[in-house]
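# Observations on the three-dimensional arrangement
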Amino acid sequence: MKKFFSLIFLVNLVMLLGCSEVDPGEPVLQPSFMSPYVLFPNDPAISDSVAAYLTSGAVLSLHPGVSYTLSFDKDSSLDEAPVLQLFRVGGALDDQRYSIRHVRSLDAVEKDGRYYYDFVCEENDRARWVTTLALNGDFYTGNVKNVRLDAEGPYSKNFSINLIVVGKVVFPDSSMTVQAFADSMLKSFRKFFKGIGIDTLYVRYAHEHPDLGKKYPADEPWLAGRSSDDLFVSELGGWPEKELKKSLDLVLVHRIEADHVLGYSYLYSGNFGGGEGSTVVIGTREKTPYGESEVTVGEILETAVHESGHFLGLRHTTSTRSDMSETMDYSVLEDGFTDTPFCRDLLLSGLLKKNSVGHSDFAVPAYRLDLAAAADFSVTDCPDHRNLMFPSVTGEEFEGFSEQQLEHVRKNLTVFPH
Ligand SMILES: [Zn+2]
């Protein structure tokens, strides 16, 4: 956690000389640091933390070739609209400092009590930009509320899946083959991701990886986070075959080395390419403080769909304390959709304080747990416990995603290059 703070919260930004353009309307006011608060595309969850830092250093998570509209409520006590200034975050200069470059200064369009700023991200790859708001040569002093980043891109609403089997995998029903599991997985994805095309489900084995195969013996159970330091085994993402390179990489391991964690992914990752954030990890067993316990095939499949939901931009229906500590944002209590219920009791229960296991520069880890094993709290009393983005397995059947959740995923798929 300490490292996380030093990397993200206290990152100082250094303007590269000669790279800043000065807008005729407002002098460039550069952010002096980068806050940990990230504004994600189309996210309906309203974050007061993002709003609080929009003036001085909120982070935007952007993808190439995508059209964005950033908007927020007008402060009725001020007549003038601020200029939105955007800065691209470049490479690390050292542990504490990153370079930045001024890329845009945008005037607002006012409509129905909100300010709107349109821009296109012309980067080659996903990028982080940092914001400031300027008015009359100084930082904007108005109140900023209800910030949104609407986004629409040119990419397909279909995707393919690459199921990467790592090491020796034995399903709880030992007669089940990998191919039968893969067939069931494809059925689950097609059932739950309604209106989204799942083109193909490929199956590949880590020990057959053309470059890395030797590191992944076929006959050893893989413990993600112990067999490999990298819990996400992200080097396996972006499988080096033409048709598979832009698939959603689902890494299947024996188990994940964190108590009661059934699956892992990065929230809003959207990285269909390779490298950090490009994999979703699922286990066939659950680690417990005393050893491990079985997970049903149904739970493994639902966890795969749930984690892919995070990857594509779905938050938990109700935030857990661990979600809040991962994002350092205690202002996001729920997912922001009006058609998914919210479980006040779960939020108040204070469950699930977990240690950070690492982070991406672009997204934060999100996971699915077995809450029932961790608490004397009845998860089935929660009104959202049948939604697939409920933070825990419940032992009861899931109904799936709501219509707003599905529409959100469809929109985000146009934003994430694949
Ligand atoms: Zn989750």
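No experiment lies behind these values; they were computed from the predicted model shown.

This paragraph deals with the side chain of His408. When you line up the elements, His408 lands in helix H7 (residues 403-415). Discounting residues that sit within four places of it in the chain, His408 has contacts with Pro41, Asn42, Asp43, Pro44, Tyr268, Gly313, Leu314 and Phe337.

Evaluation of the coordinates by the stated rule reveals two cavities of 30 Å³ or more. Considering only enclosed or pocket space, the largest cavity measures out at about 290 Å³ in volume. Surrounding the largest cavity, 22 residues form its lining, Phe40, Leu267, Arg315, Thr327 and Val332 being those nearest its centre. Broken down by secondary-structure element, the contributors of at least two residues to the lining of the largest cavity are strand S3 (38-39), helix H5 (321-327) and strand S20 (365-369). Sort the elements by how many residues they give to the lining of the largest cavity and H5 lands first, with three residues. A class-by-class count of the residues in the lining of the largest cavity yields 13 nonpolar, five polar and four charged. Each of domain 1 (2-152) and domain 2 (159-415) contributes no fewer than three residues to the lining of the largest cavity.

Even without being glycine, Asn42 reaches a positive phi, approximately 60 degrees. Take Asn42: it is sitting in the loop between S3 and helix H2 (48-53). You can call Asn42 buried: its relative accessible area is 4%. Look at Asn146: it is not a glycine, yet its phi comes out positive at around 55 degrees. Mapping Asn146 onto the fold places it in the loop between strand S11 (138-139) and strand S12 (148-152). Its relative accessible area of 33% is what places Asn146 among the partly exposed residues.

Another aspect to go through is the pairing of strand S6 (residues 83-92). The sheet contact formed by S6 and strand S10 (residues 127-135) spans six bridges and is antiparallel. Considered in S10, the bridge of Val83 is made with Ala134. Note: S6 against strand S7 (residues 97-106), seven bridges, orientation antiparallel. Looking across to S7, one finds that Gln85 is bridged to Ser105.

Here the focus is the sheet that holds strand S8 (residues 109-111). Spatially, the four strands line up as an open sheet ordered S8-S9-S5-S12, and their pairing is antiparallel. Taken across any chain shown, the strands that pair with only one partner, and hence form the sheet edges, are S8 and S12. Going across the sheet, the axis of each strand differs from the next one's by a mean of 30 degrees, ignoring polarity. Judged from the three bridges that link them, S8 and strand S9 (residues 114-121) form a sheet pairing that is antiparallel. Considered in S9, the bridge of Lys111 is made with Arg114. Taken strand by strand, H7 contacts strand S5 (66-73) and S12, and its axis lies near 70 degrees from that of S12.

Given two aromatic rings, their pairing is described by the distance between the two centres and the angle made by the two planes. This structure, assessed with the given rule, holds 16 aromatic pairs. Between the aromatic rings of Tyr216 and Trp222, the centroid separation amounts to 4.8 Å while the plane-to-plane angle is 40 degrees, which identifies the pairing as tilted. There is no split in this pair, since Tyr216 and Trp222 are both buried. Here the aromatic cluster, defined as three or more aromatic residues joined through ring pairs, consists of Phe159, Phe189, Phe193, Phe272, Phe311 and Phe401.

Turning our attention to the nonpolar core. Formed by 84 residues in total, the largest nonpolar core has its most connected members in Leu70, Phe119, Leu163 and Met185. Here this core spans two domains, and each of domain 1 (2-152) and domain 2 (159-415) adds at least three residues to it. Not counting chain neighbours up to four residues away, the residues in contact with Phe119 comprise Leu60, Leu62, Val66, Ser67, Tyr68, Leu70, Leu86, Arg104, Leu106, Trp129 and Leu149. Counting residues in each nonpolar core, the second largest holds 24 residues, with Tyr216, Leu244, Val251 and Tyr266 among its members.

The next point concerns the pattern of salt bridges. Within this structure, the stated rule accounts for 16 salt bridges. Across the pair Arg104 and Glu122 runs a salt bridge, and its minimum N-O distance is 3.5 Å. Residue Arg104 is found in strand S7, and its partner Glu122 is found in the loop between S9 and S10; the two are separated by 18 residues along the sequence. Overall, the relative accessible area of 19% leaves Arg104 in the buried class. Given a relative accessible area of 63%, Glu122 falls into the exposed group. One salt bridge in this structure joins Arg148 and Asp150, with 2.7 Å as the shortest N-O distance. Arg148 sits in the partly exposed class, given a relative accessible area of 23%. Connected via shared salt-bridge partners are Arg226, Arg255, Glu257 and Glu292.

Thresholds, definitions, all that
Residues numbered from 1 in each chain as written. Predicted model: local features only at pLDDT ≥ 70, side-chain atom pairs only at ≥ 80, totals over all residues. Heavy atoms only, no water. Helix = DSSP H or I, 4+ residues; strand = E, 2+ residues; numbered from the N terminus. Contact = heavy atoms within 4.5 Å. 1 Å grid on protein atoms, 1.4 Å probe; cavity = no way out; pocket = protein on both sides within 12 Å on 5 of 7 lines; lining within 4 Å. Points joined across faces, edges and corners; volume = space filled by probe spheres on them. Nonpolar A, V, L, I, M, F, W, Y, C, P; charged D, E, K, R; others polar. Domains from an automatic or database assignment. Buried < 20%, exposed > 50% of the residue type's maximum accessible area, 1.4 Å probe, protein only. Pairing = 2+ DSSP bridges. Axes fitted to C-alpha atoms, helices over the stretch in contact; angles between N-to-C directions. Phe/Tyr/Trp six-rings, centres within 6.5 Å; stacked < 30°, edge-to-face > 60°. Core = buried A, V, L, I, M, F, W, Y, C linked by side-chain atoms within 4.5 Å. Salt bridge = Lys/Arg side-chain N within 4 Å of Asp/Glu carboxyl O.

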